[in-house]
Amino acid sequence: MRRDLIDLLACPICKGDLIIESESISKEEGDEIIEGRLYCSRCKEYYPIEDGVPILLPPEMR
Amino acid sequence: MIRYGGRETEEKMPKVEPFELFYDRYERWFEENRYVYLSELSAIKYFIPNGRGVEIGVGSGRFASPLKIDVGVDPSQRMRELSSKKGIKVYEGVGENIPFEDGSFDYALMVTTICFLDDVQASFNEVNRILKPRGYFIIGFVDKESSLGKKYSLKKEKSDFYRIATFYSTQEVIDLLEKSGFISYKTVQTIFGDLGDISIVQDFEDGHGKGSFVVIKASKRAFK
């Protein structure tokens with residue numbers, strides 16, 4: 001996912017703001033994050049970015 | 001009481017299996033029914049406004065791509081691979097829990113998606129939330145009461161895709177939209193006659209009740 005698209009995203013459960021967890025990024029191509037993790041600062045849930053795609057399913061559906 | 005969506009006891013998991021297993025067959029349908037697809041696309045296009053749009057249940061991007069919608073949500077990985085290739089920014093997610101901020105879009109589209117949702121009402125509430133005030137929600141679906149809807153319902157158990165589907169009538173969809181706070185409905189219809197006989201892009205008509213494929217355009221209120 002492109003870094004600037006984070007502003008559009010919200011936690012699918014609590015709708016809190018998501019942030020890119022910088023230390024989780026293991027693969028990047030330009031401004032695209034290929035492997036990494038998003039974090040909801042409100043409900044403390046993590047969402048992986050796999051193969052460039054943020055997995056924004058509620059945890060029980062993964 | 002009519003329950004829209006799955007049974008209470010069903011586990012709430014996205015219905016991705018047929019799209020994962022039979023994605024090539026899904027894609028082939030659009031080739032083999034080219035004019036059915038183009039007729040549906042033409043009716044949907046009529047309702048697409050300007051601005052930033054999103055497709056929920058974007059699938060392989062067959063509708064989003066020609067309609068210039070570049071953001072989508074879909075739970076199926078195979079479908080996401082296909083829509084990503086068309087330049088659509090796709091997120092893995094479901095209609096019941098849409099991963100976008102409130103008031104993010106001018107319009108949202110769902111095409112042949114409501115039949116696969118676990119909870120249509122929750123999904124419509126979510127679409128309402130992510131739309132800007134006065135934003136539009138455009139829904140394309142096979143009307144349960146149309147000739148095709150009746151045929152699909154009868155043969156449902158034999159279809160790898162529709163076995164897991166729940167079909168709705170236009171009135172049922174409008175009732176659900178109203179409960180989610182949408183107003184001012186307009187409908188158009190297309191797909192007249194048997195699918196196998198359709199060899200041109202059909203002209204769509206106002207209203208519903210004749211065509212098998214109905215498109216509804218509803219608005220979010222200006223204020224809460």
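From a predicted model like this one, the values you see are computed outputs, not experimental measurements.

Asker: Tell me about the interface of chain A and chain B, and name the residues and values.
Answerer: With 18 residues of chain A at the contact, the number on the chain B side is 21 residues. Carbon and sulfur atoms supply 62% of the area that chain A and chain B bury against each other, a total of about 1700 Å² over both sides. A per-residue breakdown of the area chain A buries against chain B is headed by A:Leu8, A:Lys15 and A:Met61, which together make up 37% of the total. Where chain A packs against chain B, one counts 1 salt bridge. For the salt bridge of B:Glu126 with A:Lys15, the shortest nitrogen-to-oxygen distance reads 2.5 Å. Linking chain A with chain B are 6 residue pairs in polar contact (both at pLDDT 80 or more).

Asker: Describe the sheet that holds strand β7 (residues 205-206) of chain B, naming the residues involved and giving the relevant values.
Answerer: Residues and elements named next belong to chain B. The mixed open sheet is built from 8 strands, whose spatial order is β3-β2-β1-β4-β5-β8-β6-β7. Only two strands of the sheet have a single partner each, and these edge strands are β3 (89-91) and β7. Alignment of strand β5 (residues 131-142) against strand β8 (residues 213-220), held across 7 bridges, turns out to be antiparallel. Among the inter-strand pairings, Gly-140 is bridged to a residue of β8, identified as Val-215.

Asker: Got a sec to walk through helix α2 (residues 23-32) of chain B? Specific residues and values, please.
Answerer: All names here are of chain B. What α2 keeps buried is the set Tyr-26, Glu-27 and Phe-30. Along the axis of α2, the buried positions cluster into a sector of 95 degrees, meaning they face one direction only. On its buried face, α2 sits against α1 (17-21), α3 (34-47) and α4 (77-85).

Asker: Lay out the packing of aromatic side chains with the relevant residues and their values.
Answerer: All names here are of chain B. The full count for this structure, using the stated rule, is 21 aromatic pairs over all chains. Through a chain of ring-to-ring contacts, the aromatic side chains of Phe-19, Phe-22, Tyr-26, Trp-29, Phe-30, Tyr-37, Phe-63, Phe-116, Tyr-152, Phe-161, Tyr-162 and Phe-167 assemble into a single cluster. Its end group placed over the ring of Tyr-37, Arg-62 keeps NZ or CZ at 6.0 Å from the ring centre.

Asker: For the side chain of B:Gln189, give the residues involved together with the corresponding values.
Answerer: Residues and elements named next belong to chain B. Mapped onto the elements, Gln-189 comes out in strand β6 (residues 182-190). A polar atom in the side chain of Gln-189 sits 2.7 Å from the backbone nitrogen of Lys-210. One polar contact links the side chain of Gln-189 to the main-chain amide nitrogen of Gly-211, over a distance of 2.7 Å. Non-local contacts of Gln-189, meaning those with residues more than four positions away in its chain, are made with Phe-204, Glu-205, Asp-206, Gly-207, His-208, Gly-209, Lys-210, Gly-211, Phe-213 and Val-214.

Here is what the cut-offs are and how they apply
Residues numbered from 1 in each chain as written. Chains lettered and ligands numbered in written order. Predicted model: local features only at pLDDT ≥ 70, side-chain atom pairs only at ≥ 80, totals over all residues. Heavy atoms only, no water. Contact = heavy atoms within 4.5 Å. Buried area = accessible area lost by both parts, 1.4 Å probe. Salt bridge = Lys/Arg side-chain N within 4 Å of Asp/Glu carboxyl O. Polar contact = N/O pair within 3.5 Å; in protein donor to acceptor, adjacent residues only side chain to side chain. Pairing = 2+ DSSP bridges. Helix = DSSP H or I, 4+ residues; strand = E, 2+ residues; numbered from the N terminus. Buried < 20%, exposed > 50% of the residue type's maximum accessible area, 1.4 Å probe, protein only. Arc of directions from axis to C-beta. Phe/Tyr/Trp six-rings, centres within 6.5 Å; stacked < 30°, edge-to-face > 60°. Lys NZ or Arg CZ within 6 Å of the ring centre and 35° of its normal.

The analysis is restricted to geometry; functional conclusions fall outside its scope.
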